[in-house]
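So the chains spell out like this:
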Amino acid sequence: MKEIRFFRRRKGKAIKSSKMKLLEDLLPRLKPVLPEAGSFFEMENFFGIHPREVWLEVGFGGGEHIAELALRNKDVGFLGAEPFLNGVVSLLAHLNGSHHERTRNTELSEDRVDNVRIWPDDVRDLFPFLKDGTFRRVFVLFPDPWPKARHAERRFINQANLVHLHRLLSDDGRLYVATDVPEYADWALEQVEMSQLFEKENENTAVPPDDWVPTRYEQKGIKAGRSPIYLILKKKDKSLK
Ligand SMILES: C[S@@+](CC[C@H](N)C(=O)[O-])C[C@H]1O[C@@H](n2cnc3c(N)ncnc32)[C@H](O)[C@@H]1O
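For every chain, the first residue of its written sequence is number 1, and the numbers climb from 1 along that sequence. With pLDDT at 70 or above as the cut-off, local features in this predicted model cover only qualifying residues; side-chain atom pairs require 80 or more to be listed or tallied, and sums for whole chains, interfaces and linings still use all residues.

*Asks:* Which parts of the structure should I look at to understand the pairing of strand β2 (residues 76-81)?
*Replies:* Two faces make up the sheet, and in a regular strand the side chains alternate between them. We call a residue exposed when 12 or fewer other C-beta atoms sit within 10 Å of its C-beta, buried when the count reaches 20 or more, and partly exposed for counts in between; the C-beta positions come from the backbone. Going along the chain from the N terminus, every DSSP run of H or I of four or more residues is numbered as a helix, and every run of E of two or more is numbered as a strand. Within β2, five of the six residues are buried, leaving the element largely enclosed by the surrounding structure. Here the rule is simple: two strands pair whenever DSSP picks up at least two bridges between them. Sheet analysis places strand β1 (residues 53-58) next to β2, joined by six bridges and oriented parallel. Bridged to leucine 56 within β2 is leucine 79. We call a crossover right-handed when, viewed with both strands directed away from the observer, the connection leading from the first strand over the helix to the second proceeds clockwise. Of the crossover connections in this fold, the one passing from β1 over helix α3 (residues 64-72) to the parallel β2 is right-handed. Bridging between β2 and strand β3 (residues 116-119) involves four bridges; their strand directions are parallel. Paired with glycine 80 across the two strands is isoleucine 118, which belongs to β3.

Right, dumping it as structure tokens:
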């Protein structure tokens with residue numbers, strides 16, 4: 001069966017020409033070049049550092065979360081996937097240190113954050129090219145809830161993606177899912193239980209994990225009076241199923 005694509009939009013407001021320069025000059029240096037079908041992407045020499053582990057963020061939005069995590073964990077390699085082009089530009093500006101500069105300086109900065117790599121598209125396109133156990137942590141934060149029952153198959157936390165993420169996480173890996181839509185949290189937990197591939201590790205899902213970096217959506221939701229729900233999912237050993 002052909003997989004459906006389900007992005008609301010790939011590009012929002014017009015991207016300023018100064019920011020286009022980041023897309024043209026910086027993105028090509030940070031974007032994986034996939035090998036031919038059937039081969040694996042070599043992660044080893046992909047980062048500006050030799051990372052002690054690699055973390056994935058699915059749907060990084062404006063990139064604030066992954067950029068801050070990368071600053072706090074300089075020995076970790078980060079891969080972020082986001083098909084929304086304005087979000088990609090925003091992350092590039094964060095990494096380049098040019099986000100808040102009045103001068104809109106988009107010359108490539110020498111001391112830019114160099115432990116983040118970007119897949120500017122659907123993360124699922126990467127899955128077949130990645131080796132088992134590639135990631136120590138995977139973040140799926142405030143995914144599109146697709147509240148209508150007829151759109152349920154579009155929700156990112158589903159059986160097919162849980163199988164991929166289980167394979168791609170290391171044995172001691174963790175999947176972090178956060179949402180401020182209680183029905184989505186229930187759905188995600190049902191999917192997890194059905195898969196028998198993960199188990200919820202945290203008792204109190206109203207409290208963010210240690211060292212949590214809030215995302216843009218999360219902050220907006222809190223301001224609007226919504227309460228985030230945090231799920232820390234521990235990988236189960238498949239052989240014990
Ligand atoms: C509601 S936004 C949340 C953004 C960000 N995580 C935050 O909390 O601020 C969900 C994002 O997931 C992205 N997304 C949805 N499906 C995706 C996929 N298959 N691969 C990568 N990103 C995806 C969307 O483009 C969107 O930017």
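Now that the structure has been shown, we can carry on.
*Asks:* Explanation requested: the packing of α3 against helix α4 (residues 85-96) in the structure shown.
*Replies:* For any two helices packed against each other, one specifies the inter-axial angle together with the distance between the axes. Closest axis-to-axis distance for the α3/α4 pair is 9 Å, and the angle between their directions is 25°. It follows from the interaxial angle that α3 and α4 lie roughly parallel. Two packed elements cross with a definite hand, and for α3 against α4 that hand is right-handed. Where α3 abuts α4, its residues Glu64, Ile66 and Ala67 lie against Leu91, His94 and Leu95. Axes, fitted as lines to C-alpha atoms, cover a helix only where it is in contact. Angles between the N-to-C directions of the axes lie from 0 to 180 degrees. For classification, angles of less than 35 degrees are called roughly parallel, those exceeding 145 degrees roughly antiparallel, those between 65 and 115 degrees roughly perpendicular, and all remaining angles oblique. Crossing handedness follows the turn of the near helix against the far one: under a right angle anticlockwise gives a left-handed crossing, and clockwise gives a right-handed one. Any two residues are considered in contact once their C-beta atoms, placed from the backbone, lie within 7 Å.

*Asks:* Looking at this structure, I do not really get the sheet that holds strand β4 (residues 135-141). What am I missing?
*Replies:* Adjacent strands of a sheet pair through backbone hydrogen bonds, lying either parallel or antiparallel. Taken together, the seven strands give an open sheet; going across it, the order is β3-β2-β1-β4-β5-β7-β6, and neighbouring strands pair in mixed fashion. Looking at the sheet topology across the chains shown, the edges are occupied by β3 and β6 (198-200). For this sheet, the mean inter-axis angle between neighbouring strands, taken without regard to orientation, is 20°. Pairing of strand β5 (residues 169-179) with strand β7 (residues 229-235) involves six bridges; the strand directions are antiparallel. In the sheet register, alanine 178 faces β7, and the bridge partner there is tyrosine 230. Seen against the sheet, helix α6 (residues 182-195) touches β5, β6 and β7 and runs at an angle of roughly 10° to β7.

*Asks:* Hey, could you run me through the site of the ligand in this one?
*Replies:* As a rule, any residue with its backbone-derived C-beta atom within 6 Å of a molecule or strand is reported as near that molecule or strand. Surveying the vicinity of the ligand reveals 22 residues, the closest of which are Gly59, Gly61, Phe142, Thr215 and Tyr217. At three residues, helix α7 (residues 216-223) tops the list of elements feeding residues into the shell around the ligand. Taken together, the residues of the shell around the ligand sort by class into twelve nonpolar, four polar and six charged. Three classes are used, and their members are as follows: Ala, Val, Leu, Ile, Met, Phe, Trp, Tyr, Cys and Pro are nonpolar, Asp, Glu, Lys and Arg are charged, and the others, Gly among them, are polar.

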